[in-house]
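What follows is the residue order along each chain.
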Amino acid sequence: MHAFDVLGDPVRRRILELLAEGEQTSGAVTAVIRAEFGITQPAVSQHLRVLRDNGFATVRPDGARRLYAVDHTALRQVDEWLAPFRRFWTPHLSAMATEVARGKRLRRLGEGVGTSDARSAR
């Protein structure tokens with residue numbers, strides 16, 4: 001299965017988001033996914049298996065529990081595939097960061113001015 005076929009499913013993307021927060025039990029993952037997507041425990045297990053079989057997740061036994069975590073192997077391959085396309089959004093993100101910094105600076109400078117203006121208006 002191609003990495004983007006794996007990531008194209010919203011349930012699997014959500015599971016990866018949960019695993020990115022740290023190692024999770026299959027029960028914890030199932031509880032969240034059932035609540036958000038209304039799917040059964042066997043369906044969640046199947047999604048976990050697809051992630052595991054395609055290099056996006058690892059599993060390790062811990063007694064009777066199974067602990068899942070993100071496996072960076074497949075994500076690194078996705079990152080490498082995306083590398084030639086970054087030129088389309090990186091300049092825009094840099095420009096946005098500049099504008100955010102400019103806005104923060106203007107607010108900081110304006111707070112001192114705005115405070116004195118508000119006092120003189122009273």
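Residues numbered from 1 in each chain as written. Predicted model: local features only at pLDDT ≥ 70, side-chain atom pairs only at ≥ 80, totals over all residues. Heavy atoms only, no water.

- In the nomenclature of an unreviewed UniProt entry, the protein chain is known as DNA-binding transcriptional regulator, ArsR family of Actinoplanes philippinensis.

**Overview of the overall build of the protein chain**
Piece 1. When helices and strands are tallied, the protein chain shows 6 helices and 3 strands.
Piece 2. Each helix and strand of the protein chain, ordered N terminal to C terminal, gives the series α-α-β-α-α-β-β-α-α.
Piece 3. Across the 122 residues in the protein chain, those meeting the buried criterion constitute 23%.
Piece 4. Taking all contacts inside the protein chain whose residues are at least 6 apart in sequence as the whole, residues at least 24 apart take part in 45%.
Piece 5. For the protein chain, the accessible area works out to roughly 8400 Å², and carbon and sulfur atoms hold 56% of it. (Helix = DSSP H or I, 4+ residues; strand = E, 2+ residues; numbered from the N terminus. Buried < 20%, exposed > 50% of the residue type's maximum accessible area, 1.4 Å probe, protein only. Contact = heavy atoms within 4.5 Å. Areas by Shrake-Rupley, 256 points an atom, 1.4 Å probe, with all protein chains shown as cover.)

**Concerning the confidence of the model for the protein chain**
Piece 1. Here the protein chain shows a mean pLDDT of 87. Residues at 70 or above account for 87%.
Piece 2. Put simply, helix 6 (residues 90-121) is where the protein chain has its lowest mean pLDDT, 72, and helix 2 (residues 10-20) is where it has its highest, 97. (pLDDT = per-residue confidence, 0-100.)

**Description of the sheet that holds strand 1 (residues 24-25)**
Piece 1. Pairing is antiparallel in the open sheet, where 3 strands are placed in the order 1-3-2. At either end of the open sheet lies a strand with only one pairing partner, and these are strand 1 and strand 2 (57-62).
Piece 2. Here 6 bridges tie strand 2 to strand 3 (residues 65-70), and the two strands are oriented antiparallel to one another. Its bridge partner being in strand 3, D62 is matched across the sheet by R65. (Pairing = 2+ DSSP bridges.)

**Digging into the packing of helix 3 (residues 26-37) against helix 4 (residues 41-53)**
For any two helices packed against each other, the geometry is given by the interaxial angle and the distance between the axes.
Piece 1. Between helix 3 and helix 4, whose axes approach to 10 Å, the crossing angle comes to 115°. Classified by the angle between their axes, helix 3 and helix 4 sit roughly perpendicular to one another. By crossing handedness, the relation of helix 3 to helix 4 is classed as right-handed. Of the residues in helix 4, those in contact with S26, V29, T30, I33 and R34 of helix 3 are Q41, V44 and L48.
Piece 2. Grouping the amino acids of the contact of helix 3 with helix 4 by side-chain chemistry returns 4 nonpolar, 3 polar and 1 charged. (Axes fitted to C-alpha atoms, helices over the stretch in contact; angles between N-to-C directions. Parallel < 35°, antiparallel > 145°, perpendicular 65-115°, else oblique. Left-handed = near helix turned anticlockwise from the far one by under 90°. Nonpolar A, V, L, I, M, F, W, Y, C, P; charged D, E, K, R; others polar.)

**Things to note about helix 2**
Piece 1. Looking only at helix 2, the buried set comprises V11, R12, I15, L16, L18 and L19. Seen end-on, helix 2 carries its buried residues on one side only, within an arc spanning 160°.
Piece 2. If you follow the buried residues of helix 2, they end up packed against helix 1 (3-7), strand 1, helix 3, helix 4, strand 2 and strand 3.
Piece 3. With its phi angle positive at about 140°, G22 sits one or two positions after the end of helix 2. (Arc of directions from axis to C-beta.)

**Examining the nonpolar core**
Piece 1. The biggest cluster of nonpolar side chains holds 19 residues, and the ones touching the most others in it are I15, L19, V29, I33, L48, L51 and F56.
Piece 2. Ranked by the residues each element gives to this core, the list is headed by helix 2, at 5 residues.
Piece 3. Residues in contact with L48, not counting those within four places in the same chain, are I15, S26, V29 and Y68. (Core = buried A, V, L, I, M, F, W, Y, C linked by side-chain atoms within 4.5 Å.)

**So, the environment of F56**
Piece 1. Its place among the elements puts F56 in the loop between helix 4 and strand 2.
Piece 2. Given a relative accessible area of 0%, F56 falls into the buried group.
Piece 3. Taking the C-alpha atoms as reference, F56 lies 9.3 Å from L7; in sequence the two are 49 residues apart.
Piece 4. When neighbours within four sequence positions are excluded, F56 is seen to be in contact with A3, V6, L7, L16, L51, A69, V70, D71, A74, L75 and V78.

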